[in-house]
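Spelled out from the first residue to the last, the chains are:
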Amino acid sequence: MSLGLLARFPSLSHAYRTTRAATTAASVWGMYKVPEFVRKRLGRPEPKSLGETHERAAKKILDLALELRGVNIKMCQVMSTRSDVFPPEFVRTLKLCHDAVPPHEFEVVRAVVERELGKPIGEVFAEFDATPLAAASLAQVHRARLRDGRQVAVKVQYPDIEDIVAVDLKNMARICRVYERFDPQPMPLLPLVREMTEHLALELDFVREVDNAERIRAIFAGDTTVAIPVVHREWSTQRIITMELVEGIKITDVEGLRAAGLDLGHVVNALMSVYVRMIMAAGFFQADPHPGNVFVRPDGQVVVMDFGLCKELPDGFGLGLFELMFSMMTMNESAMIRAFTELGFRTKTGDTTTFIELAKRMLRRSGTGRFEGEFTEGMTDELFEAVRENPVVEIPTHFVLVGRVFSLLSGIAHTLGHRANVLAAMGVG
Amino acid sequence: MDRLEWSSVELLEREPGLEPLIASGVRCHGGFDADGRYRSPRTSHRMPAIAAWQARLATDGHALLSIPDSLLPPHHPNVAQARLLLLEGVREPIVRALTMISIVEGFGAIIRDVPVPDLASLVREPIEGTALAHLSGGLFEAHARDEAGHKDEGGHKQMWEAARDLALDSPKIPSDILMRMMGGARARTRRERLFPRLDETLEDMLATMVNVLVIEVFARGTFDWGETLLSDPEISARPKEAGAMVGYIRADEAPHVEYLRTALSEVRARTLRTVDGGDGELLEGRIVVDALLHRALEFTTRQRPQEQRNATRTSITSSLEKVADAARVRSLLERFDALETPFSPSEKTGFEAAE
Ligand SMILES: Nc1ncnc2c1ncn2[C@@H]1O[C@H](COP(=O)(O)OP(=O)(O)O)[C@@H](O)[C@H]1O
Ligand SMILES: [Fe+2]
Ligand SMILES: [Fe+2]
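The model shown is predicted, which means the values in this text are computed figures rather than measured ones.

Colleague: For this particular structure, what's the right way to read the overall build of chain A?
Modeller: If you tally the helices and strands in chain A, you get 18 helices and 13 strands. With an accessible surface of roughly 18800 Å², chain A has 54% of that area assigned to carbon and sulfur atoms.

This is the structure:
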């Protein structure tokens, strides 16, 4: 069945989507459990590594997601960020879903825009590019020009995405429940589905996304080192966002940045300062600094886009995180335990020395063996891995998001040949 | 001549047999000798070493630079203003101020991560037996440990927190502190290079040392303020302990000021090679250090007091507005302003380039 057809006959596709998801789930489950069953029957030893199985399973899930799109892509994206739950092979494969999304045809997009604005597209826009700038799981972005001549970017939600999301989520929850009943040691998938349901409801609400954008804009009011695209509220609805078109150099485009005469160290500082101010100071942050969402203008100004996933942090989080970094820098163990507890980390046994082990594991991956202010990708991976192996420690969800942000920033900084030093970016002292 | 070469193990050595300093339940560095006198941490070799380097500088006929007290802006808010707020029950701005001091102290530890270039190749004259040659060999590390603590011993960060908690009875810490500290645009403007011909790592290191020296010298005003305020029984729950704690911190800072001004004086007495190389391309250390000092002092005596006043002002009004009506806010602010210490920055820093 072609994708176009699916989009036009949503009801027909319901049955298909359900079956397709269920068979994939069953076959993935089988990949893990059948060999284990056989192994146990025959008394074989534990296999050395499940790496290959993980990879095959992840590939199957990715294929499904790219075919059914909607929530399934979102699920992949969510899974690819949860290295605290899933093995590395999974995470690596599922990351591919970020770039692999094919766009919808223009007619589909036009229909949504016209329905949302209640007008023919030509009454609002003097031009509207048929080819999108970018396509993602829930929406795609088109370049356009308003009738007064201003250049805009229009983010358009896919049609029927709400229905599709609802069906997919229901399927997923059902599959997870069955899986949890059958598997004696289930991975905690149901909470993930719940979290995703929550996030998706938020991300499908573009009015909320616009509110987020304005809230972040307010944090940087009067600051010329950062830009957040201005939204044209009168041409924005629940399902489309019309905003200022921003141009710039993609933050990981090293050649482009150099050609503009920018000092890569300054670029990293500016980027870090933006995220550190949101997370440590404002307590409200854009939780998605993947390189597609950050541009740099030739004068060094950092542009941040995409406020679908923003998160409010609990009161005192910034100070707590600061104390954690400080205690790790000085290897002050009692302060580390206080900070982890303050941040909402818990151990099921109440044994706080587990936190010290956790910190030591992370420090071994810092590059120098000491904490110098950077949460490297290695450190974050190590933290999540430790938590996955040792279900005694619980990480608060917002810390997972923050950890992921710092890990992404560290990746970007390293691409530019620099380090993502959080303490230095605070610019104190 | 006294010993001029010291290992980092020696410079970092803790005096044995001291009674530890416990500050509101947190073990801190330093301790008390048999006579009950406070001894700063890691000073048994560090102090004699610095004295020896200073003696040598004098023997060689070079000056030890010093920053005159007359440049020092008064602490804002001053003691009388802080007392007024506390007596009126407006505690948040003072809690904020004390917490910010503790955070800034802690950040002092980043001096250990300042890259030190190969000084022997960048300085024309020999540097053996100087403080300069010992920066990465224990001096920066000792400084870092003093400020932020080391392993399970707290440093100045924890000691300021203790002083605050003793005096003000473990107050609730306002969660907007980091936002206020990171708000300034200054943090984001990068330091301009003054000597592009100089090795960049060298200029960065010298600029950082100069800035830290200026901060350490001007911190005297903060210590006097903290000590007087927190040992005032009218506003402090534990006047003796809280005041004494600030006194210990002040004592610990002495080696910081001394090693920094010694090493910078040693640079002043030497010549620096530029990146274009060759002995024909030299810069006098004195010109470099003085220019960096002049810039830091201009900023600290002119721009900074104003910035600080504005920041304190917003801190006070935002806290006041939570607890008082508009009329009371106005009258409190009037009384607050009437207590202001007048200050006009001096015309010259004393480190202007010679005409
Ligand atoms: N205002 C804009 N100007 C220019 N390009 C934009 C703008 N908004 C989004 N884009 C481009 O479109 C891509 C997708 O938009 P985004 O809001 O990130 O959607 P999603 O939430 O689906 O990731 C962005 O990564 C960016 O490259
Ligand atoms: Fe995006
Ligand atoms: Fe200090």
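Colleague: I'm lost on helix 10 (residues 206-219) of chain A in this one. Help?
Modeller: Residues and elements named next belong to chain A. The end-to-end C-alpha separation of helix 10 is 20 Å, in line with the 20 Å expected for 14 residues at 1.5 Å each. Those residues of helix 10 that sit buried are Phe206, Arg208, Glu209, Val210, Asn212, Ala213 and Ile216. Among the residues of helix 10, the N-terminal cap falls to aspartate 205, whose side-chain oxygen and the backbone nitrogen of valine 207 are separated by 3.1 Å.

Colleague: Where do I start with the confidence of the model for chain A in this structure?
Modeller: Taken as a whole, chain A shows an average pLDDT of 83; of its residues, 84% reach a score of 70 or greater. Per-residue pLDDT stays below 50 along residues 1-12 of chain A; that stretch engages in eleven contacts with residues further than four places along the chain or on separate chains.

Colleague: What is the right way to look at the site of ligand 1 in this model?
Modeller: All names here are of chain A. Near ligand 1 there are 15 residues, and of these Ala136, Lys155, Glu244, Gly292 and Asp306 occur at the shortest range. The contact in question runs from an oxygen atom of ligand 1 to an N or O atom on the backbone of glycine 292, over 2.9 Å. Aspartate 306 is positioned such that a nitrogen or oxygen atom in its side chain is 2.8 Å from an oxygen atom of ligand 1. Protein contact buries 86% of the 540 Å² of open area that ligand 1 shows by itself. At the level of secondary structure, the elements contributing two or more residues to the shell around ligand 1 comprise strand 4 (151-157) and strand 6 (240-244). Looking at the shell around ligand 1 residue by residue, the class counts come to ten nonpolar, two polar and three charged.

Colleague: Could you clarify how one ought to interpret the pattern of salt bridges in this entry?
Modeller: It is possible for side chains bearing opposite charge to pair when their charged atoms get close. All names here are of chain B. Across all of its chains, the model carries 59 salt bridges over all chains by this definition. With a shortest N-O distance of 3.2 Å, glutamate 284 and arginine 286 are connected by a salt bridge. Glutamate 284 gets classed as partly exposed once you look at its relative accessible area, which sits at 40%.

Colleague: Could you clarify how one ought to interpret the sheet that holds strand 5 (residues 226-227) of chain A in this entry?
Modeller: Picture the strands of a sheet paired through backbone hydrogen bonds; they go either parallel or antiparallel. All names here are of chain A. The sheet built from four strands is open, its strands ordered 5-10-9-7 with mixed pairing. Of all the strands in the sheet, the pair left with one neighbour each is strand 5 and strand 7 (249-250). Examined bridge by bridge, strand 5 and strand 10 (residues 302-304) share two bridges and lie parallel to one another. Residue pairing across strands places valine 226 opposite valine 302, the latter belonging to strand 10. Packed on one face of the sheet, helix 12 (residues 264-282) meets strand 5, strand 9 (294-296) and strand 10 and runs near 40° to strand 10.

Colleague: Whenever I open this one, the coordination of the iron ion (ligand 3) confuses me. Can you help?
Modeller: Octahedral six-donor coordination of a metal ideally yields angles of 90 or 180 degrees, compared with 109.5 degrees for tetrahedral four-donor coordination. Residues and elements named next belong to chain B. Listed as protein donors to the iron ion (ligand 3) are Glu105 (OE), Glu147 (OE), His156 (ND1) and Glu253 (OE); their distances from the metal cover 1.9 to 2.3 Å. In primary-sequence terms, the residues that donate to the iron ion (ligand 3) follow E-x41-E-x8-H-x96-E. There is no split in this pair, since glutamate 147 and histidine 156 are both buried.

Colleague: Looking at this model, I keep getting lost on the interface of chain A and chain B. Mind explaining?
Modeller: Where interface size is quoted, it is often the accessible area lost as the parts come together. On the chain B side, the residues contacting the 29 residues of chain A number 25 residues. Contact between chain A and chain B buries roughly 2500 Å² in total, counting both sides, with carbon and sulfur atoms accounting for 63%. Linking chain A to chain B there are two salt bridges. Across the pair Glu323(A) and Lys157(B) runs a salt bridge whose closest N-O atoms are separated by 2.8 Å. At the surface where chain A touches chain B, the tally comes to six residue pairs in polar contact (both at pLDDT 80 or more). Class assignment of the residues belonging to the side of chain A that touches chain B gives a composition of eleven nonpolar, eleven polar and seven charged.

Colleague: I would appreciate a short explanation of the coordination of the iron ion (ligand 2) in the present structure.
Modeller: All names here are of chain A. Looking at the iron ion (ligand 2), one finds its protein donor set to be Asn293 (OD1) and Asp306 (OD), positioned 2.1 to 2.3 Å from the metal centre. Viewed at the metal, the four donor atoms of the iron ion (ligand 2) are separated by angles of 81 to 159°, and the geometry they form is irregular. Taken as a pair, asparagine 293 in the loop between strand 8 (284-286) and strand 9 and aspartate 306 in the loop between strand 10 and strand 11 (310-312) lie far apart in primary sequence, 13 residues in all.

Colleague: Got a minute to help me understand the pairing of strand 2 (residues 26-32) of chain B in this structure?
Modeller: For a regular strand, side chains alternate in direction, first toward one face of the sheet and then toward the other. All names here are of chain B. Among the seven residues that make up strand 2, five are buried, leaving the element largely enclosed by the rest of the structure. Where strand 1 (residues 19-23) and strand 2 come together, five bridges link them in antiparallel fashion. Paired with alanine 23 across the bridge in strand 2 is valine 26. The sheet contact formed by strand 2 and strand 3 (residues 38-39) spans two bridges and is antiparallel. Looking at strand 3, one finds that phenylalanine 32 is bridged to tyrosine 38. In textbook terms, the turn of a hairpin is the stretch between consecutive antiparallel strands, and for strand 2 and strand 3 this stretch comprises five residues, one of which, glycine 36, has a positive phi near 80°.

Colleague: I would appreciate a short explanation of empty space enclosed by the protein in the present structure.
Modeller: Taking a probe equal in size to a water molecule and rolling it over the atoms shows the remaining empty space. Residues and elements named next belong to chain B. The tally for this structure, following the rule as stated, stands at two cavities of 30 Å³ or more. As a volume, the largest cavity reaches approximately 100 Å³. What lines the largest cavity is simply Pro73, Pro74, His75, His76, Asn78, Gln81, Pro305, Gln308, Arg309, Glu340, Thr341 and Phe343. With three residues, helix 11 (residues 285-323) is the single largest residue contributor to the lining of the largest cavity.

Colleague: Just checking my understanding: could you explain the sheet that holds strand 3 of chain B for this structure?
Modeller: Residue and element names in this part refer to chain B. Pairing is antiparallel in the open sheet, where three strands are placed in the order 1-2-3. Edge positions in the sheet fall to strand 1 and strand 3, since each has one partner strand and no second. Contacts from helix 7 (residues 156-168) reach strand 1, strand 2 and strand 3 within the one sheet, and its direction differs from that of strand 2 by about 105°.

Colleague: For this particular structure, what's the right way to read helix 16 (residues 377-389) of chain A?
Modeller: Structurally, the α-helix is built with 3.6 residues per turn, so residues lying three or four positions apart point the same way. Residues and elements named next belong to chain A. Helix length check: helix 16 (13 residues) gives 18 Å between terminal C-alpha atoms against 18 Å at 1.5 Å per residue, within 8%. For helix 16, the full list of buried residues reads Gly378, Met379, Thr380, Glu382, Leu383, Phe384, Ala386 and Val387. Where helix 16 is buried, its residues contact helix 13 (317-330), helix 15 (353-364), strand 13 (393-394) and helix 17 (397-415).

About the cut-offs
Residues numbered from 1 in each chain as written. Chains lettered and ligands numbered in written order. Predicted model: local features only at pLDDT ≥ 70, side-chain atom pairs only at ≥ 80, totals over all residues. Heavy atoms only, no water. Helix = DSSP H or I, 4+ residues; strand = E, 2+ residues; numbered from the N terminus. Areas by Shrake-Rupley, 256 points an atom, 1.4 Å probe, with all protein chains shown as cover. Expected span 1.5 Å × (residues − 1). Buried < 20%, exposed > 50% of the residue type's maximum accessible area, 1.4 Å probe, protein only. Polar contact = N/O pair within 3.5 Å; in protein donor to acceptor, adjacent residues only side chain to side chain. pLDDT = per-residue confidence, 0-100. Contact = heavy atoms within 4.5 Å. Near = heavy atom within 4 Å. Nonpolar A, V, L, I, M, F, W, Y, C, P; charged D, E, K, R; others polar. Salt bridge = Lys/Arg side-chain N within 4 Å of Asp/Glu carboxyl O. Pairing = 2+ DSSP bridges. Axes fitted to C-alpha atoms, helices over the stretch in contact; angles between N-to-C directions. Donors = N, O, S within 2.8 Å, 3.2 Å for Na, K, Ca; no water. Buried area = accessible area lost by both parts, 1.4 Å probe. Tetrahedral: all angles 85-135°; square planar, octahedral: opposite > 155°, others 65-115°. 1 Å grid on protein atoms, 1.4 Å probe; cavity = no way out; pocket = protein on both sides within 12 Å on 5 of 7 lines; lining within 4 Å. Points joined across faces, edges and corners; volume = space filled by probe spheres on them.

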